[in-house]
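# Residue-level structure breakdown
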Amino acid sequence: MRLKKKYFLIFIVFSTMFYNSVCAQDSFLDVGVRVQKTVNLYWENGVSIQYSNKNVKPDNLYFGFSYVSSRLGSAYNSNAIKQDYFLFNTSWYFRKQHVLRPLVRLNLGYFMADYEEPFFDDLTNTSLVISPEAGLIVDTKSPLKIMITLGYNVITGDGEQGAGTLYPLFIQTTISWALLRQ
Amino acid sequence: MGTLKAIERILLIIVFMTVFTGCDKEPEILDLMLDGKFIYDPSLDNPQDYLLSYSNPTPTPEEASRPVFIAVHGYSASTFEWEEFRTWSAGSPDYAISLVLMGGHGRTYEDFKNATWRDWQKSIVDEYHRLVAAGYTNLNFLASSTSCTLIIDLLNASYFSDKVVPRHILFIDPIIIPSSKILSLVPVIGPILGYIEGGNTPEEDQYWYHYRPQETLNQLNKLLTTVRKQLEDGIELPPNCKLKVYKSINDPTADPVSAVLIYKGLKTNTNGPIEIEMVNSDLHVFTRLSLRPNLKVMDHENQENSFNDFLSRVL
């Protein structure tokens, strides 16, 4: 076990050295785990992939995709409703050279809840998702980035239309690793 | 550095506005509102006209075994919410009705503001205890909206397990998820709001609180969150207790998805499902039609069908 820990640390150090040794105008591909809490409702967790191209505002403008689900959160081993978000993200990361970087993001996507029984078929269980986010990234200047944002779903249910468990306010944290930088 | 300073300034402005606008928010209460000092629920002065435990505290054996509906209203409402069922029953000798007023309700704005959801629930428990002490054995709950949530909390606590078990629990438009998702933001923006208005007609203002103080919205939010989590963990009914939910498929107050959460979270003591009926209605508490404008034929049919269904279960 001590040997595995040693090799892991060596890997981290060399990755960081290599990561910082290449040119600043690079493309980035960050892959991470997203942990999300809807205020007054569920934990919905998943994955996030973000990409920035060296020819289009590198390390400022990011495009990506996130999948979060209550199946990986509150609905795991409970009676909470199983619901999924499929989100396309467009983000702007400010202050490129700094460690603490504000960001803004716009998500556009799709929400789907599984009510399971046919007698609930009359209830709306899907929705378009439009949600701005704003927050901070800790850009460690290594492959590791830690993001925290506050987001707001513009479209929510209201008892007469829309999905009932699509709530407005959420907080999310994404811990990502740069799989690619070139 | 410039960006951080700008963020700091924006946050300071938000805090200042919050403090400034959150101070001293008292509503204008009129004499003709339930919220005021002149109109209050009549059960407070004449409990014997509403509560069976007061009107018949010493039942005969036959009366004690006759079905009793303990009928409880929803948030901000009063005993008026189930008056139509009592009128429709027209003094039937086959069953009795006890109309319960929740704690903090039917009184004044201040009473409402200062009551917790445990206070709301206490009245239900008190009447249930009085009826059990009086010897009634055939007890059934008829609950609407928030009173359904309060009863689910009692079921979660296995409250009835060593007492007289309710034979039937009938929920009309129960709320676990509110239709207005702004309620989820009340812990944050409540102090700014102070209160919200209920959107009642002037006639309804005599029977429902016009103003909903943010303190009561916080209590409602806490209750809904507590019971939602109880359902997520799973709740078992006591033996020989049947539960049915009647839920409007369009409901501006209690999101219809509440029925999904109750169906998933509540099971009979043999791990069987509870009964659900999704009703083609766009009313909240579709069993109450009095004082509503623009009613449709379907609304009257829904009420009639549900009242008959209640009786078919208990008789």
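None of the values given here were measured: they were computed from a predicted structure. (Residues numbered from 1 in each chain as written. Chains lettered and ligands numbered in written order. Predicted model: local features only at pLDDT ≥ 70, side-chain atom pairs only at ≥ 80, totals over all residues. Heavy atoms only, no water.)

The next point concerns the overall build of chain B. From N to C terminus, chain B includes eleven helices and ten strands. Relative to the globule expectation of 20 Å for 315 residues, the C-alpha radius of gyration of chain B, 21 Å, shows essentially globular dimensions. Across the 315 residues in chain B, those meeting the buried criterion constitute 56%. Working note: accessible area of chain B is about 13500 Å², and carbon and sulfur atoms make up 55% of it. When the 27 basic and 40 acidic side-chain charges of chain B are each reduced to a single mean position, those positions are 7 Å apart. (Helix = DSSP H or I, 4+ residues; strand = E, 2+ residues; numbered from the N terminus. Rg over C-alpha atoms; globule rule 2.2 N^0.38 Å. Buried < 20%, exposed > 50% of the residue type's maximum accessible area, 1.4 Å probe, protein only. Areas by Shrake-Rupley, 256 points an atom, 1.4 Å probe, with all protein chains shown as cover. Lys, Arg positive; Asp, Glu negative; His and termini not counted. Charge placed at Lys NZ, Arg CZ, Asp CG, Glu CD.)

The next thing to look at is the side chain of aspartate 255 of chain B. Secondary-structure assignment places aspartate 255 of chain B in the loop between β8 (242-248) and α10 (257-265). Not counting residues up to four positions away in its chain, the partners in contact with aspartate 255 of chain B are Asp158, Gly159 and Gly164 of chain A together with Ile177, Pro178, Ser179, Lys181 and Lys247 of chain B. (Contact = heavy atoms within 4.5 Å.)

The interface is formed by 33 residues belonging to chain B together with 29 residues belonging to chain A. For the pair chain B and chain A, the summed buried area comes to about 2700 Å², and 63% of that belongs to carbon and sulfur atoms. Per-residue buried area on chain B facing chain A is highest for Lys181, Glu232 and Lys264 of chain B; these three make up 24% of the total on that side. For the pair chain B and chain A, the number of links is one salt bridge. (Buried area = accessible area lost by both parts, 1.4 Å probe. Salt bridge = Lys/Arg side-chain N within 4 Å of Asp/Glu carboxyl O.)

Bringing the sheet that holds β8 of chain B into the picture now. All names here are of chain B. Strand order across the open sheet formed by six strands is β2-β1-β3-β4-β8-β10, with parallel pairing between neighbours. Looking at strand neighbours, the two that pair on one side only are β2 (96-100) and β10 (275-279), the edges of this open sheet. The average angle at which neighbouring strand axes cross in this sheet is 15°, direction not considered. In the sheet, β8 pairs with β10 via five bridges, with the strands oriented parallel. Bridging across to β10, serine 248 finds its partner in valine 279. (Pairing = 2+ DSSP bridges. Axes fitted to C-alpha atoms, helices over the stretch in contact; angles between N-to-C directions.)

Moving on to the packing of helix α6 (residues 117-134) of chain B against helix α7 (residues 146-156) of chain B. Residues and elements named next belong to chain B. Remark: α6 packs on α7, axes separated minimally by 10 Å, with the N-to-C direction vectors making an angle of 80°. If you check the angle between α6 and α7, you find them roughly perpendicular. Contacts between α6 and α7 involve Trp117, Arg118, Trp120, Gln121, Ile124 and Val125 from the first element and Thr146, Ser147, Leu150, Asp153 and Leu154 from the second. Among the residues making up the contact of α6 with α7, the classes are represented as six nonpolar, three polar and two charged. (Parallel < 35°, antiparallel > 145°, perpendicular 65-115°, else oblique. Nonpolar A, V, L, I, M, F, W, Y, C, P; charged D, E, K, R; others polar.)

Before going further, it helps to examine unusual backbone geometry. Most of the time, phi is negative for any residue but glycine, and the peptide bond is trans. Positive phi, close to 55°, is recorded for arginine 95 of chain A, a residue that is not glycine. Following the sequence through the fold, arginine 95 of chain A ends up in the loop between β4 (82-93) and β5 (100-114). Classification of arginine 95 of chain A as buried rests on a relative accessible area of 17%. A positive phi angle is found at aspartate 173 of chain B, which is not glycine, with a value near 50°. Position of aspartate 173 of chain B relative to the elements: it lies in the loop between β4 (168-172) and α8 (186-193).

Before going further, it helps to examine the pairing of β4 of chain A. All names here are of chain A. Examined bridge by bridge, strand β3 (residues 61-69) and β4 share nine bridges and lie antiparallel to one another. Within β4, the position partnered with phenylalanine 65 by the bridge is phenylalanine 88. In this sheet, β5 lies alongside β4 in antiparallel orientation, the contact comprising twelve bridges. What sits directly across from glutamine 83, in β5, is alanine 113.

Residues and elements named next belong to chain B. Across all of its chains, the model carries 31 aromatic pairs over all chains by this definition. With a centroid separation of 5.3 Å and an interplanar angle of 90°, the aromatic rings of phenylalanine 69 and phenylalanine 85 are classed as edge-to-face. A residue pair is termed long-range when its members are at least 10 positions apart, and phenylalanine 69 in strand β1 (residues 68-72) and phenylalanine 85 in helix α4 (residues 83-89) qualify at 16 residues. Connected via pairs of aromatic rings, a cluster forms that spans Phe69, Trp82, Phe85, Trp88, Tyr95, Tyr246, Phe307 and Phe310. The lysine or arginine in question, lysine 163, covers the ring of tyrosine 159, its NZ or CZ lying 4.0 Å from the ring centre. Directly above the ring of tyrosine 263 sits lysine 267, whose terminal nitrogen or CZ lies 5.5 Å from the centroid. (Phe/Tyr/Trp six-rings, centres within 6.5 Å; stacked < 30°, edge-to-face > 60°. Lys NZ or Arg CZ within 6 Å of the ring centre and 35° of its normal.)

A low pLDDT score tells you not to read the predicted coordinates there in detail. With 92% of its residues at a pLDDT of 70 or more, chain B has an overall mean of 93. Taken over the whole predicted complex, pTM reads 0.90, whereas the ipTM for its chain interfaces reads 0.87. (pLDDT = per-residue confidence, 0-100.)

In this section: the sheet that holds strand β1 (residues 28-38) of chain A. Spatially, β1-β2-β3-β4-β5-β6-β7-β8 (chain A) is the arrangement adopted by the eight strands of the closed barrel, whose pairing is antiparallel. Sheet twist, expressed as the mean angle between neighbouring strand axes with direction ignored, is 25°.

With that out of the way, let us pick up α6 of chain B. Residues and elements named next belong to chain B. Given a rise of 1.5 Å per residue, 18 residues ought to cover 26 Å, and the 26 Å separating the end C-alpha atoms of α6 matches this to within 8%. Taken together, the buried positions of α6 are Trp117, Trp120, Gln121, Ser123, Ile124, Val125, Glu127, Tyr128 and Leu131. Where α6 terminates, the next one or two residues include glycine 135, which has phi positive at roughly 105°. (Expected span 1.5 Å × (residues − 1).)

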